[in-house]
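Survey of secondary and tertiary structure
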Amino acid sequence: MTRILSGIRPSGKLHLGNYLGAIKNWIELQDRQDIDLAVFMIADYHGITTPFDPKKYSEQILETACEFLAAGLDYKKVLLIRQSQIPQHTELAWIFSSITPETFFRRLPTFTEKIKEVIEKKVGVLPEDFDINKTKYLQGYFQDIPDISLGLLAYPALMAADILIYKANLVPVGQDQLPHIYLTNEIVKRFNSKFGETFGVVKEYIAEGAKIMSLQNPKQKMSKSADEGIALNDSPSEIKEKIKKAVTDSGKEIIYEPQKKPAISNLITLYKIFSRKSLEEIKNQYEGKTYIQFKDDLAEIIIEFLKPFQKRYSEFKSDSEEVKKILEISEGIARNEAKKTLHEIKQKIGLL
Ligand code: TYM
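Figured I'd write up the structure that's included with this text. From a predicted model like this one, the values you see are computed outputs, not experimental measurements. (Residues numbered from 1 in each chain as written. Predicted model: local features only at pLDDT ≥ 70, side-chain atom pairs only at ≥ 80, totals over all residues. Heavy atoms only, no water.)

1. A short note on the overall build of the protein
- On a plain count of helices and strands, the protein comes out with 14 helices and five strands.
- Across its three principal directions, the C-alpha atoms of the protein cover 70 × 55 × 40 Å.
- Charge separation in the protein, taken as the distance between the mean sites of 51 positive and 49 negative side-chain charges, equals 2 Å. (Helix = DSSP H or I, 4+ residues; strand = E, 2+ residues; numbered from the N terminus. Lys, Arg positive; Asp, Glu negative; His and termini not counted. Charge placed at Lys NZ, Arg CZ, Asp CG, Glu CD.)

2. Some details on unusual backbone geometry
- Non-glycine residue Lys167 carries a positive phi angle of around 50°.
- Counting through the fold element by element, Lys167 comes out in the loop between helix H8 (150–164) and strand S4 (170–172).
- Classification of Lys167 by relative accessible area gives partly exposed; the value is 30%.
- A positive phi is found at Arg276, a non-glycine position, where the angle reads about 60°. (Buried < 20%, exposed > 50% of the residue type's maximum accessible area, 1.4 Å probe, protein only.)

3. Some remarks on the pairing of strand S2 (residues 35–42)
- The buried count for S2 comes to seven of eight residues, which makes it a mostly enclosed element.
- Of the pairings in the sheet, the one linking strand S1 (residues 2–8) to S2 comprises seven bridges and is parallel in character. If you follow Gly7 over to S2, its bridge partner there is Met41.
- The parallel pair S1 and S2 is bridged by helix H1 (residues 16–29), and the resulting crossover is right-handed. (Pairing = 2+ DSSP bridges. Right-handed = clockwise from strand over helix to strand, strands pointing away.)

4. Examining the site of the ligand
- The full set close to the ligand counts 29 residues, and Arg9, Tyr155, Asp162, Asp176 and Ile212 are the nearest of them.
- A distance of 2.7 Å separates a nitrogen atom of the ligand from a polar side-chain atom of Asp162.
- Coverage of the ligand by the protein chains reaches 98% of its 710 Å² of free accessible surface.
- Going through the elements one at a time, S1, H1 and H8 are the ones with two or more residues in the shell around the ligand.
- Taken together, the residues of the shell around the ligand sort by class into 13 nonpolar, ten polar and six charged. (Near = heavy atom within 4 Å. Polar contact = N/O pair within 3.5 Å; in protein donor to acceptor, adjacent residues only side chain to side chain. Areas by Shrake-Rupley, 256 points an atom, 1.4 Å probe, with all protein chains shown as cover. Nonpolar A, V, L, I, M, F, W, Y, C, P; charged D, E, K, R; others polar.)

5. Things to note about the nonpolar core
- In terms of nonpolar packing, the biggest core is built from 59 residues, with Ile23, Phe68, Leu80, Phe294 and Ile302 touching the most fellow members.
- Those elements giving two or more residues to this core turn out to be S1, H1, S2, helix H3 (54–71), helix H10 (236–245), helix H11 (262–275), helix H13 (291–317) and helix H14 (320–348).
- Here this core takes ten residues from H13, the largest share from any one element.
- In contact with Phe68, other than residues within four places in its own chain, are Ile8, Leu14, Ile23, Trp26, Phe40, Met41, Ile42, Leu73 and Leu80.
- The next biggest cluster of nonpolar side chains, apart from the first, holds 47 residues, and it includes Met41, Ala161, Phe191 and Ala338. (Core = buried A, V, L, I, M, F, W, Y, C linked by side-chain atoms within 4.5 Å. Contact = heavy atoms within 4.5 Å.)

6. Things to note about the packing of H10 against H13
- It is at 9 Å that the axes of H10 and H13 come closest, and there the two elements cross at 145°. Where H10 crosses over H13, the two elements pack in a sense that is right-handed. On H13, the residues that touch Pro236, Ile239, Lys240, Ile243, Lys244 and Lys245 of H10 are Lys295, Leu298, Ala299, Glu300, Ile302, Ile303 and Leu306.
- A class-by-class count of the residues in the contact of H10 with H13 yields eight nonpolar, no polar and five charged. (Axes fitted to C-alpha atoms, helices over the stretch in contact; angles between N-to-C directions. Left-handed = near helix turned anticlockwise from the far one by under 90°.)

7. Points about the environment of Leu351
- With respect to the helices, strands and loops of the structure, Leu351 is situated in the segment after H14.
- Here the alpha-carbon distance between Leu351 and Lys121, two residues 230 residues apart in the chain, equals 44 Å.
- Apart from residues lying up to four places away in sequence, Leu351 is in contact with Ile95 and Lys346.

8. Considerations on the side chain of Asp162
- By the element assignment, Asp162 lies in helix H8.
- One buried charged residue, Asp162, remains without a salt bridge, the closest side chain of opposite sign being Arg9 at 10 Å.
- At 3.0 Å, the side chain of Asp162 and the side chain of Gln83 are in polar contact.
- One polar contact links Asp162 to His89, side chain to side chain, over a distance of 2.7 Å.
- What Asp162 contacts, discounting residues up to four positions off in sequence, is Leu5, Met41, His46, Gln83 and His89. (Salt bridge = Lys/Arg side-chain N within 4 Å of Asp/Glu carboxyl O.)

9. Description of H3
- Compared with an ideal rise of 1.5 Å per residue, which puts 18 residues at 26 Å, H3 spans 26 Å between its outermost C-alpha atoms and is within 8% of the ideal.
- Buried within H3 are the following residues: Tyr57, Gln60, Ile61, Leu62, Thr64, Ala65, Cys66, Glu67, Phe68, Leu69, Ala70 and Ala71.
- One side-chain oxygen of the residue at the start of H3 lies 2.9 Å from the amide nitrogen of Lys55, identifying that residue as Asp53.
- Note on H3: the residue one or two positions beyond its end, Gly72, has a positive phi of about 120°. (Expected span 1.5 Å × (residues − 1).)

10. Considering the pattern of salt bridges
- Under the definition given, this model contains 24 salt bridges.
- Asp31 is the partner of Lys77 in a salt bridge, and the nearest nitrogen-oxygen pair spans 2.6 Å. Note that Lys77 is positioned in the loop between H3 and strand S3 (79–82) and Asp31 in the loop between H1 and S2, a separation of 46 residues in sequence.
- We classify Lys77 as partly exposed; its relative accessible area is 45%.

11. Remarks on the packing of aromatic side chains
- For the structure shown, the criterion picks out 13 aromatic pairs.
- Each member of the aromatic cluster is reached from another via a ring pair, and the members are Phe96, Phe191, Phe195 and Phe199.
- Sitting above the plane of the Tyr286 ring, Lys289 keeps its charged end 5.8 Å from the centroid. (Phe/Tyr/Trp six-rings, centres within 6.5 Å; stacked < 30°, edge-to-face > 60°. Lys NZ or Arg CZ within 6 Å of the ring centre and 35° of its normal.)

This is the structure in structure tokens:
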């Protein structure tokens, strides 16, 4: 039987990358017949590992729930939960962090990239040979950078716990999360060999759109922290403006060549997914046409696609009491599942 878990940090408005890399697949999976349990989570404890505003945070969490529902997640088929409401996730994360070498965490690209980003904000662009694992860089930079917390380092242990507390075996995510799934399987192996067979292998579920790039820099992924992403709640004029300003490659041709033409290829990926046309059809349609024509059409396609989402979002947003109730019902069921797993684990490791 298949058990699914995935999550998103409520760290800002969801963007097209989050939609295509994660939520779109969650919605497709929720109708599969072999699904025994599907849990979709607002990763609010992960969200506090980087700077956040406590005055706005609870509102952001609720808005993310409205985004989940507006995108089409059906709370009658799946569980929609706030991570912090199920304390067993963090309890299990502590257990996992106690059986995993610290160096495993330090090497993860998500951690090293975050550190690089934070340091660069402070001191400017870092040298080419910058390697966070070399102590000469750690000294001098680390001590006065409060944004790099122990929580940020330990973040993947919590992610492994999110997955394994429900004994999930399928995790629909974007490509950037793959190293965390590999680490989760490392934890599975260690736990099973120390304490007896408990967890099975966890598989990722990756689909087209698993790595949507930034519209300003096609070498970087579209992200919540940078403002160039297209948010699911952007107005038509914001979308038009962002696509108009999106960088393009040299040359004029509208062809899909990710290596040579990463910027236009990223836009074609968006066009392809939202229009459901093939690369061949797109190529023929835009033969001899300009980037401007292509971009105008792409903006229209995205605007049209997002219209029903935005309408449903404002309906849920104006009924936040109902949304809270939906979460609480799911959380009650999830807590019972999580308690069962934690009880078994505590027995196995001699805590009970
Ligand atoms: P987060 O909040 O950074 O991203 C949420 C989901 O969106 C995907 N994603 C993208 N996909 C394609 N292109 C992009 N540009 C893009 N940017 C983001 C991410 O891959 C992810 O699937 N640690 C996780 C949240 C989490 C989680 C979990 C996920 C916590 N516990 C357990 C799975 C299972 C995170 O910070 O995702």
